Each structure stands twice: as structure tokens, then as C-alpha cells.
Amino acid sequence: MIKTLAQRRYNKRVIALSAVYAVTLLSAVYLFKHHLIGGPLSYVMAILPALPIIGIFAAIGLYLVEEQDEYVRMLMVRQTLWASGFALSLATIWGFLESFELVAHIESYYVAVLWFGGLGIGGCANKLTLDRGVEA
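Just so we're clear, the structure is a prediction, and the values are computed from it rather than from any experiment.

K.L.:
Explain the environment of Glu 98 residue by residue, including any values.
P.N.:
Among the secondary structure elements, Glu 98 is positioned in helix 4 (residues 70-99). Beyond its immediate sequence surroundings of up to four residues, Glu 98 is in contact with Val 103, Ala 104, His 105 and Ile 106.

K.L.:
Any details on a nonpolar patch on the surface? Residues and values, ideally.
P.N.:
A contiguous nonpolar surface patch, about 480 Å² in accessible area, is contributed by Trp 94, Ile 106, Tyr 109, Tyr 110 and Val 113. Here Tyr 110 is to be found in helix 5 (residues 110-132).

K.L.:
Give me the lowdown on helix 4, citing residues and values where you can.
P.N.:
Across its 30 residues, helix 4 extends 43 Å between first and last C-alpha, which sits within 8% of the 44 Å expected from 1.5 Å per residue. Among the residues making up helix 4, those that are buried are Val 72, Leu 75, Met 76, Arg 78, Gln 79, Thr 80, Ala 83 and Ala 87. With a side-chain oxygen lying 3.0 Å from the backbone nitrogen of Tyr 71, the N-terminal cap of helix 4 falls on Asp 69. With its phi angle positive at about 55 degrees, Glu 101 sits one or two positions after the end of helix 4.

K.L.:
Pulling in residues and values, what's your account of the nonpolar core?
P.N.:
Membership of the largest hydrophobic core comes to 13 residues, with the highest contact counts inside it found for Tyr 10, Val 14, Ile 60, Tyr 63, Met 76, Trp 115 and Leu 119. Elements represented by at least two residues in this core include exactly helix 1 (5-33), helix 3 (50-66), helix 4 and helix 5. Excluding residues that lie within four positions of it along the chain, Tyr 10 makes contacts with Ala 59, Ile 60, Tyr 63 and Met 76.

K.L.:
Describe the packing of helix 3 against helix 4, with residues and values.
P.N.:
Viewed as axis vectors pointing N to C, helix 3 and helix 4 meet at an angle of 150 degrees, and their least axial separation amounts to 9 Å. As judged from the angle between their axes, helix 3 and helix 4 are roughly antiparallel. Handedness of the helix 3/helix 4 crossing: left-handed. Contacts between helix 3 and helix 4 involve Ile 60, Tyr 63 and Leu 64 on the former and, on the latter, Val 72, Arg 73, Met 76, Val 77 and Thr 80.

K.L.:
Any details on the side chain of Thr 80? Residues and values, ideally.
P.N.:
Position of Thr 80 among the secondary structure elements: in helix 4. From its side chain, Thr 80 meets the backbone oxygen of Val 77 in a polar contact 2.8 Å long. Ignoring sequence-local partners within four residues, the contact set of Thr 80 consists of Ile 60, Trp 115 and Leu 119.

Cut-off values and rules
- Residues numbered from 1 in each chain as written.
- Predicted model: local features only at pLDDT ≥ 70, side-chain atom pairs only at ≥ 80, totals over all residues.
- Heavy atoms only, no water.
- Helix = DSSP H or I, 4+ residues; strand = E, 2+ residues; numbered from the N terminus.
- Contact = heavy atoms within 4.5 Å.
- Patch = residues over 30% accessible without salt bridge, like charges linked within 9 Å, V, L, I, M, F, W, Y side chains within 5 Å.
- Areas by Shrake-Rupley, 256 points an atom, 1.4 Å probe, with all protein chains shown as cover.
- Salt bridge = Lys/Arg side-chain N within 4 Å of Asp/Glu carboxyl O.
- Expected span 1.5 Å × (residues − 1).
- Buried < 20%, exposed > 50% of the residue type's maximum accessible area, 1.4 Å probe, protein only.
- Polar contact = N/O pair within 3.5 Å; in protein donor to acceptor, adjacent residues only side chain to side chain.
- Core = buried A, V, L, I, M, F, W, Y, C linked by side-chain atoms within 4.5 Å.
- Axes fitted to C-alpha atoms, helices over the stretch in contact; angles between N-to-C directions.
- Parallel < 35°, antiparallel > 145°, perpendicular 65-115°, else oblique.
- Left-handed = near helix turned anticlockwise from the far one by under 90°.

Keep in mind these numbers describe shape, not what the thing actually does.
This is the structure in C-alpha cells:
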């Protein structure tokens, strides 16, 4: 399948933001593990790895605005809906289980991990739909 201009821009943005995420996360882990950071700067360093993830969310929004092919855009919208439903459903279930002390606490940034996993599920749903020749 030929990539649209919007898809190429999206891919470049996500690759760049993923590289920034890797650098900031590895740096933060190193600095905190070796107790090389403290005070107000520690808050800044702890937040830095979140910023590229937020940037990826923004890149998806930009992609949806820039994509000229309505069908391709609809596929991405459907994929993000799958991701949102998946992540929010599991986070809600886990939250109730945690409230009743039936499971251990999990750090809230894992919701983003679930969301990205949900993008994969949405991509698979799109692929299965396309393979059957069924349109949304």
C-alpha cells in the first residue's frame, strides 16, 4: 500500500518522538537509580519521559487533521477508538479491583502502554475487516 503524505509525516514524527522518549527515559532511570538528582529538578526529570508520549498523542491528532483520504482517516479513527476503549476498560476494571484490595497497585502510566497496545488491536481489527472485504 502506498503511504500518503500525511502517513509519512506521522511516521517521521512518531520515530523522532520515540527516540526522544528513549533518551529521556534512560537518562531519568540512570539519574534516579544512581541518586544523581534531587530537589525540584527531580520533578522535571521525572516528567520529561512523559512529554514525548504526549507528543505522540498530538502526532496522531495532527495525522487525523492532515490525512486527505477519508477512508484511511476513518481507519485511524477506528483504530484509536479501539485503543481508547481497550485502555479505559482495563484501567477501570483494574481500578475497581485495586479499590477492593484484590490486586496490587499499578503505576498509572501503564494506561498509555495499554492504549498503545489497543492501537495494535485496532490495527488487527482493521486488517481483519479489510481482509474480509467488509467496510466499517
